[in-house]
Amino acid sequence: MKPILCTNYFHCSKMTDEEAVLDRGGTRSMLNTNFEKEELEGHRTLYIGVHVPLGRRSHRRHRHHGHRHRKRSKERDSTGEDGRESPSYNTPAQRVQFLLGTEDGDEEHIPHALFTEMDEICLREGEDAEWKETARWLKFEEDVEDGGERWSKPYVATLSLHSLFELRSCIMNGIVMLDMRANSLEEIADMVLDQHEGSGSLGPDARKRIREALLKQHHHQNHKKLANRIPIVRSFADIGKKQSEPHSMDKNGQTVSPQSQPSNNEAKQDVSRENSAVDFSKIDLHFMKKIPPGAEASNVLVGELEFLDRPVVAFVRLSPAVLLNGLTEVPITTRFLFILLGPLGKGPQYHEIGRSIATLMTDEIFHDVAYKAKDRSDLVAGIDEFLDQVTVLPPGEWDPSIRIEPPKNVPSQEKRKIPPVPNGVTDLGESEEHGGHGGPELQRTGRIFGGMILDIKRKAPHYLSDYTDAISLQCLASFLFLYCACMSPVITFGGLLGEATEGRVSAIESLFGASMTGIAYSLFAGQPLTILGSTGPVLVFEKILFKFCKEYGLSYLSLRTCIGLWTAFFCLLLVATDASSLVCYITRFTEEAFAALICIIFIYEALEKLIHLGVHYPVNKHNDLQKLTQYWCSCVEPRDPSNETLQFWDERNITVSQVNWTSLEVKECEVLHGEFQGPACGHHGPYIPDVLFWCVVLFFTTVFMSAFLKEFKFSRYFPTKVRSIISDFAVFITILTMVLVDYAIGIPSPKLQVPNKFKPTRDDRGWVINPVGPNPWWTTIVTFVPALLCTILIFMDQQITAVIINRKEHKLKKGCGYHLDLFVVGVMLGVCSVMGLPWFVAATVLSISHVNSLKLESECSAPGEQPKFLGIREQRFTGLMIFTLMGCSVFMTSVLKFIPMPVLYGVFLYMGASSLRGIQFFDRLKLFGMPAKHQPDFIYLRHVPLRKVHLFTIVQLSCLILLWVIKTSRAAIVFPMMVT
């Protein structure tokens, strides 16, 4: 049936079920390359970044036919169906913005993700031709390589300006059929050719031959390699669900009568018939995964036909989208078709026009315009708006054959959809987005524990999902990595604390305290992504307190319990008064200084521990290879024993003359306070060069291997899923590899020492400490003074780390809970004080590493497109498992004893270095050594003079140095107040 021709969208009121909104435009040929000079100049004048009102007259003598058409279109559209005037548009951008801002309420005009495929044909007399796929677009262009054996790398499409103008002419003068109802390619071909035949541009013979050409078989690039594949698993119900809906809207927004539509059963039969005809063996499953759910196809068909003397052009939008079997390489419904067939000799020209429309369909703005366009003029406005955004590269200054790599970050196109802000009006949206740490979580309620109650109400709905969201390999990789990373500092901190307190609080207490506090925090805290750990200032405080108690004859554990209980009380007082709302005054300056300092401490301590191994495993720097046979080292009696040594011998009834010193082993000699003598001996024992050098190898191999495997997901090897798993398990794979290599080599490197019995280190203490004990009663009161200092330390450590974790760039969706976090830390601090366990608070570097290990990225990304950062996998499982395993470590000593300490030191260095990423301070610090032309394109460098950036960085660096000096000096106890 031949459709009724409609000259204006709003004036067509009745259509049959095959009718489409048709706009035929001009009738002259649009692919005439012999443009007059003034016409080409007119194109350049109008569309290269210049906004020209559509109704303005040209001052040239000859005007392009497009201007006349647009003027007539404007006159037709100036009054609507009800006689009211439609909005006037001064620029194409304004028309596009108005079009995209309207909501029709019609589901068929809701934009979907698009896959665009371009097929080409060259039909000569006596040859059996077929359509061959030559290019495809999901986001970036991929071409079939000249050899025809593979796809090219995705690249940014570069178009000639001339092809864009020719495309514009095609849309203006060709057949435009919007919302066509058709169920097969045959129907589409008939309807398109009916329009051309009606315009007198085609004869019956040409029509028949063009129809045969359009219905030729389509050969896709993946047919060669997909002979035997398993049936596709993905359901077509989601991909092509729109086609089975029986209702649709006509051009006036009216519901089409049931008589003009196929019945629901008929539609379902058509869909099932189409789906059942799909050849599943020819589907590329790997590429199918790249296509978003609900995506539709846009097919571009261009080519040369020997019998044509003028081009045949049509732009078709189907409503509803239809699954045209064999047309597209992936079985998704087709929404758009662009057909361009012309005479021989202009194949490259047609190819470039096809690339132009395909690239336009991947443009975010024109894509939406194509879905919502009501007539031809809307499509032309979309092309004009695209041309306004085009950047022209001079032909003599670059090589057009170069393929531009896809960018890592594609800028948002939302500004093109929104009208520009008038002069003098400030855009408050962005200022709010980038402003401070404000939000409902940090607003003072004025009620006792009001903030904490709101935190509980905010987090309670997400509590179950905090566990269900953890069902992922990424979470397994995260807690295995963090378990290894947390174990060493906890045990090391316990060992140092044991040395400082003569074993009153040592490794087993540290392990137990960390496990108990971490489990409680993971279960009940507001932000379970935070990892608790020990801090340097706390260790300094413990040392000062123990020295004070020893000098004045006080019980260290009892006095420490009083201070801990007062500190817990002050923390709960801060929670009750909503003091955490003060966090909103913590600036990025303070955040970066604190985070940078903690990262530097991790790096410094990792290197310091490696260097310190040289004391325990000394190296002879004055070796003579010719005298290796004369080297020896033996244990001898001390020549001048100290009073401490003499007292040691007397206490143990050791008779020096009866000891066979030369037969003692190294450890026995050290226990009996003997001395080492010989050319192969150092001050502390025999030289052991193998161990130190092997430790250095383990240390740096761990660092580089962890970094390499973490970045492996961006490499070119292996499938995406494999690369992602290797990246997630990077640190765990590194530790496991280093343990196996160390075991195979057999060099006795220092190993992780874990307590193997669950009991207090000293027999004269239990698991519950009396706050008074042997101390005077008044000590329970005066201890509130040092407790104030501890409270500042705990508050600043906890809240600055929480601010860093809760940054807006992490895109957290479940909210935060500053008050609830501090409440849990305060309660557990009191519990640990009563049990004589170390205090634990948020650890910055461990928390940042935890967040980085749980980053979520889009899985369905187009070829060439970098996966988009979606946020963080917010859950409680990883923290809970980390500290549960830590508590069980006492029973896993048989396994943990094989982990070399240099490997854990290397993990520290890796965590400290990797946490520096994203700290703007270090990015600015690197600018000092860069010439201006090599500096990265940071946004602040565009708006702030470089000298002011350097001045700000110097001020921040000075503050960081001051904090470092205080931290490493005896005044380390006032460190938290300096941060404040």
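Sequence order as written defines residue numbering, which begins from 1 separately in each chain. Local features in this predicted model are restricted to residues whose pLDDT is 70 or higher, and side-chain atom pairs enter the listing and the counts only when it is 80 or higher, whereas totals over whole chains, interfaces and linings include all residues. Working from all heavy atoms in the structure, the side-chain values ignore hydrogens and water.

A. Quick peek at the overall build of the chain. Counting secondary structure elements, the chain contains 37 helices and 15 strands. Three exposure classes are used, based on accessible area relative to the maximum for each residue type with a 1.4 Å probe and protein chains only: buried under 20%, partly exposed in between, and exposed over 50%. Among the 980 residues that make up the chain, the fraction classed as buried is 50%. Split by element, the accessible area of the chain, about 47700 Å² in all, is 58% carbon and sulfur. Labels follow the DSSP assignment, with helices taken as runs of H or I lasting at least four residues and strands as runs of E lasting at least two, numbered in each case from the N terminus. Each accessible area is a Shrake-Rupley result for a 1.4 Å probe, and residues are judged covered by the shown protein chains and nothing else.

B. Layout of the pairing of strand 9 (residues 334-342). Within strand 9, 9 of the 9 residues are buried, leaving the element largely enclosed by the surrounding structure. Should DSSP find at least two bridges between two strands, the strands are taken to pair. Sheet analysis places strand 7 (residues 296-305) next to strand 9, joined by 8 bridges and oriented parallel. Note on strand 9: the bridge partner recorded for V300 is F338.

C. Representation of the state of the cysteines. Disulfide: a pair of cysteine sulfur atoms within 2.5 Å of each other. Tallying each qualifying case throughout the model produces 1 disulfide. Unpaired in this structure, C571 has its nearest cysteine sulfur neighbour in C790, at a distance of 9.4 Å.

D. Region of the structure containing the pattern of salt bridges. Salt bridges, as used here, are contacts in which a Lys or Arg side-chain nitrogen is within 4 Å of a carboxyl oxygen on Asp or Glu. One pass over the structure, following the stated rule, counts 22 salt bridges. When the shortest N-O distance is used, the salt bridge between R211 and D190 registers 2.6 Å. One end of the pair, R211, is in helix 6 (residues 204-214); the other, D190, is in helix 5 (residues 185-198), with 21 residues separating them in the sequence. Of the charged contacts in the structure, one is a salt bridge between D194 and R207, with a shortest N-O distance of 2.6 Å. Placement of the pair is D194 in helix 5 and R207 in helix 6, with a sequence separation of 13 residues. Take D194 and R207: they sit in the same class, and that class is buried. If you follow the salt bridges from partner to partner, you end up with D190, D194, E197, R207 and R211 in one network.

E. Quick look at the packing of helix 20 (residues 556-576) against helix 28 (residues 784-805). Where helix 20 contacts helix 28, the axes come no closer than 8 Å and their chain directions differ by 55°. Considered as vectors, helix 20 and helix 28 are oriented oblique to each other. The interaxial crossing formed by helix 20 with helix 28 has right-handed handedness. Contacts between helix 20 and helix 28 involve I563, W566, T567, F570, C571 and L574 on the former and, on the latter, F784, P786, A787, L788, C790, T791, I794 and F795. Tallied by class, the residues present in the contact of helix 20 with helix 28 amount to 12 nonpolar, 2 polar and no charged. In this analysis, axes come from line fits to C-alpha atoms, helices being fitted only over the stretch in contact, and the angle between any two N-to-C directions falls in the range 0 to 180 degrees. Roughly parallel covers angles under 35 degrees, roughly antiparallel covers those over 145, roughly perpendicular covers 65 to 115, and oblique covers all other angles. Handedness of a crossing follows from how the near helix is turned relative to the far one, being left-handed for an anticlockwise turn of less than a right angle and right-handed for a clockwise one. Contacts between residues were defined by any pair of non-hydrogen atoms, one from each residue, lying within 4.5 Å. Classification convention: Asp, Glu, Lys, Arg as charged; Ala, Val, Leu, Ile, Met, Phe, Trp, Tyr, Cys, Pro as nonpolar; all other residues, Gly among them, as polar.

F. Quick peek at unusual backbone geometry. Put simply, S319 and P320 share a cis peptide bond, and its omega is 0°. Not every positive phi belongs to a glycine, and D179 is a case in point at roughly 60°. Among the secondary structure elements, D179 is positioned in strand 5 (residues 175-180). The exposure class of D179 is buried, given its relative accessible area of 9%. The backbone of F449 sits at a positive phi, close to 60°, despite the residue not being glycine. Tracing the chain through its elements places F449 in the loop between helix 14 (428-434) and helix 15 (450-459).

G. Examining the packing of helix 28 against helix 30 (residues 844-852) more closely. Running from N to C, helix 28 and helix 30 point in directions that differ by 20°, and their axes come no closer than 10 Å. Comparing the axis directions of helix 28 and helix 30 gives the class roughly parallel. Taken as a pair, helix 28 and helix 30 cross one another with a handedness that is right-handed. Residues T801, I804 and I805 of helix 28 touch helix 30, and the partners they reach there are T844, S847, I848 and V851. Along the lines of polarity and charge, the residues of the contact of helix 28 with helix 30 split into 4 nonpolar, 3 polar and no charged.

H. The packing of aromatic side chains, seen in detail. Here the aromatic set is Phe, Tyr and Trp, taking the six-membered ring for Trp, and pairing holds for ring centres within 6.5 Å; pairs whose planes are under 30 degrees apart are stacked, those over 60 apart are edge-to-face, and all others are tilted. As enumerated under the stated definition, the model contains 17 aromatic pairs in all. Pairing W566 with F569 gives two aromatic rings, centres 6.1 Å apart and planes at 80°, and the pair type is edge-to-face. Pair noted here: W566 and F569 are both in helix 20, with a separation of 3 residues, about one helical turn. Residue classification places F569 among the partly exposed residues on the basis of a relative accessible area of 44%. Aromatic pair F699 and F700: ring centres 4.9 Å apart, planes at 85°, arrangement edge-to-face. For F700, a relative accessible area of 33% gives the class partly exposed. Each member of the aromatic cluster is reached from another via a ring pair, and the members are W566, F569, F570 and F784. A cation over an aromatic ring shows up here: R136 above the ring of W151, its NZ or CZ 4.1 Å from the ring centre. Ring-over charges, as used throughout, are those where CZ of Arg or NZ of Lys falls within 6 Å of the ring centre and within 35 degrees of the ring normal.

I. Seen up close, a nonpolar patch on the surface. Only residues whose relative accessible area exceeds 30% and that take part in no salt bridge are eligible for patches, with like-charged residues grouped when within 9 Å of each other and nonpolar side chains (Val, Leu, Ile, Met, Phe, Trp, Tyr) grouped when within 5 Å. A contiguous nonpolar surface patch, about 710 Å² in accessible area, is contributed by W777, W778, I781, V782, F784, V785 and L788. Contributing elements (two or more residues each) for the nonpolar patch: helix 27 (779-782) and helix 28. For the nonpolar patch, the leading source of residues is helix 28, giving 3 residues. When you line up the elements, I781 lands in helix 27.

J. Spatial organisation of helix 30. Burial within helix 30 is extensive, with 8 of its 9 residues counted as buried. Taken residue by residue, helix 30 has T844, V845, L846, S847, I848, S849, H850 and V851 as its buried positions.

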